[in-house]
Amino acid sequence: MQDFNPETVAIECTQVETAYQPTLGRPIIQGVSLTIKAGEFVTLLGSNGAGKSTLLRSLIGLNPIQEGAIKVNGVKVTPKTLPLIRKQMSMLFQSGGLIPQLSALDNVLCGRLGSRPAWQTLFGFSKRDRSLALDLLARLELKEQSQQKTSRLSGGERQRVAIARMLMQSPSILLADEPTTGLDVTAISQVMDILSKLNLEEGLTIVTVLHDLALATEYSHRAIILHQGQVTYDGSCHNLAEQFMRT
């Protein structure tokens, strides 16, 4: 279980702005300031092009910002601090980002690559790493699929493998960019239940991008709505749902 303090700030954005986009006539993100505390489950909502994924990617340094600052667990995100940031924060992409030619087990083991010097990878992974990877797959009900190539797995199974790979990094913060896209109803519930369990039982901070308000209301503590790169709502998902019902 992760050690966390709900009064600790996990993520802090101060007047964050990305590069100007001529096609939009504005920066994708403009003047975003927000604070996410350790142990929160936060969902970013908004229409296509609102800047949700761009903001999420900026938190982990995949999308550079032009103005403002982002801090993760008190450390400012810069090119020099990215290795440290990425030991504390991991990201789940829409497609999972897995290597299709590798088995589920080998994909999970890839989660250890960032925590060791490159030369050590020449000798493969330790028994301890392999045991941990198998335990994670078993925990996510994928032990029987551990030797299967991920190209042969279903969409929901691939997302669970991707979550196991993230957990190999022992992060305190998980980012998930539309993790339910293209999944059936059963797989959506499985993925969201796993994220919820990691949040509730292990105290991991979860920040996810979703398009479904009902899904956000069921699983999240808090919704942040982006419109044209700016925050237009930041508060309870339930309050937001009630507002929609009244309109």
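Residues numbered from 1 in each chain as written. Predicted model: local features only at pLDDT ≥ 70, side-chain atom pairs only at ≥ 80, totals over all residues. Heavy atoms only, no water.

Visitor: Describe the packing of helix 5 (residues 155-167) against helix 6 (residues 185-202), and please don't skip the residues or the numbers.
Guide: Helix 6 packs onto helix 5 with a crossing angle of 20° between their chain directions and a minimal axis gap of 9 Å. The orientation of helix 5 relative to helix 6 falls into the category roughly parallel. In this structure, helix 5 meets helix 6 at a crossing whose hand is right-handed. Where helix 5 approaches helix 6, its residues G156, Q159, R160, I163 and L167 are matched on the opposing element by A187, Q190, V191, I194, L195 and L198. Tallied by class, residues from the contact of helix 5 with helix 6 come to seven nonpolar, three polar and one charged. (Axes fitted to C-alpha atoms, helices over the stretch in contact; angles between N-to-C directions. Helix = DSSP H or I, 4+ residues; strand = E, 2+ residues; numbered from the N terminus. Parallel < 35°, antiparallel > 145°, perpendicular 65-115°, else oblique. Left-handed = near helix turned anticlockwise from the far one by under 90°. Contact = heavy atoms within 4.5 Å. Nonpolar A, V, L, I, M, F, W, Y, C, P; charged D, E, K, R; others polar.)

Visitor: Kindly report on the pairing of strand 11 (residues 222-227), identifying the contributing residues and their values.
Guide: Most of strand 11 is tucked away, with five of its six residues classed as buried. Bridge count between strand 5 (residues 41-45) and strand 11: four bridges; the pairing is parallel. Directly across from L44, in strand 11, lies its bridge partner I224. Of the strand pairs in this sheet, strand 11 and strand 12 (residues 230-236) are connected by six bridges, and their pairing is antiparallel. The residue of strand 12 that forms the bridge with A223 is G235. Here strand 11 folds back onto strand 12, and the loop between the two strands holds two residues, one of which, Q228, carries a positive phi near 50°. (Buried < 20%, exposed > 50% of the residue type's maximum accessible area, 1.4 Å probe, protein only. Pairing = 2+ DSSP bridges.)

Visitor: Please provide a residue-by-residue account of helix 4 (residues 127-139), values included.
Guide: Helix length check: helix 4, at 13 residues, gives a terminal C-alpha distance of 18 Å against a target of 18 Å (1.5 Å per residue), a fit within 8%. Those residues of helix 4 not exposed but buried are D129, A133, L136 and L137. In a view along the axis of helix 4, the buried residues occupy a sector of 100°, so they form one face of it. Opposite the buried face of helix 4, at more than 90 degrees from it, the exposed residues are K127 and R128. If you follow the buried residues of helix 4, they end up packed against helix 3 (104-109) and helix 5. Of the residues one or two after helix 4, E141 is the one with positive phi, at around 60°. (Expected span 1.5 Å × (residues − 1). Arc of directions from axis to C-beta.)

Visitor: Lay out the sheet that holds strand 1 (residues 9-17) with the relevant residues and their values.
Guide: Reading across from one edge, 4-1-6-7 is the order of the four strands in this open sheet, with antiparallel pairing throughout. Each edge of the open sheet is held by one strand with a lone partner, namely strand 4 (32-37) and strand 7 (75-76). Sheet analysis places strand 1 next to strand 4, joined by five bridges and oriented antiparallel. Residue pairing in the sheet places E12 in a bridge with T35 of strand 4.

Visitor: So what's going on with the pattern of salt bridges? Residues and values would help.
Guide: Taken as a whole and assessed by the stated rule, the structure comprises four salt bridges. Among the ionic pairs, E40 bridges to R222, the shortest N-O distance being 2.9 Å. Of this pair, E40 sits in the loop between strand 4 and strand 5 while R222 sits in strand 11, and the two are 182 residues apart along the sequence. What makes E40 buried here is its relative accessible area of 17%. (Salt bridge = Lys/Arg side-chain N within 4 Å of Asp/Glu carboxyl O.)

Visitor: Tell me about helix 1 (residues 52-59), and name the residues and values.
Guide: With six of its eight residues buried, helix 1 lies for the most part within the structure. Among the residues of helix 1, those classed as buried are K52, T54, L55, L56, S58 and L59. At the exit of helix 1 stands G61, carrying a positive phi of roughly 80°.

Visitor: Give me the lowdown on unusual backbone geometry, citing residues and values where you can.
Guide: Here the phi dihedral of S170 falls at roughly 50°; this positive angle occurs in a residue that is not glycine. For S170, the location among the structural elements is in the loop between helix 5 and strand 9 (173-177). For E178, which is not a glycine, the phi torsion comes out positive at approximately 50°. Among the structural elements, E178 can be located in the loop between strand 9 and helix 6.

Visitor: I'd like to hear about the nonpolar core, residue by residue, with values.
Guide: Counting residues in hydrophobic clusters, the biggest one holds 42 residues, and the most contacted among them are L137, V161, I163, M192 and L195. Here this core takes seven residues from helix 6, the largest share from any one element. What M192 contacts, discounting residues up to four positions off in sequence, is F41, T180, L210, L215 and Y219. If you look at the next biggest cluster of nonpolar residues, it comprises 30 residues, including V32, A50, L59 and V77. (Core = buried A, V, L, I, M, F, W, Y, C linked by side-chain atoms within 4.5 Å.)

Taken by themselves, the reported measurements are silent on function.
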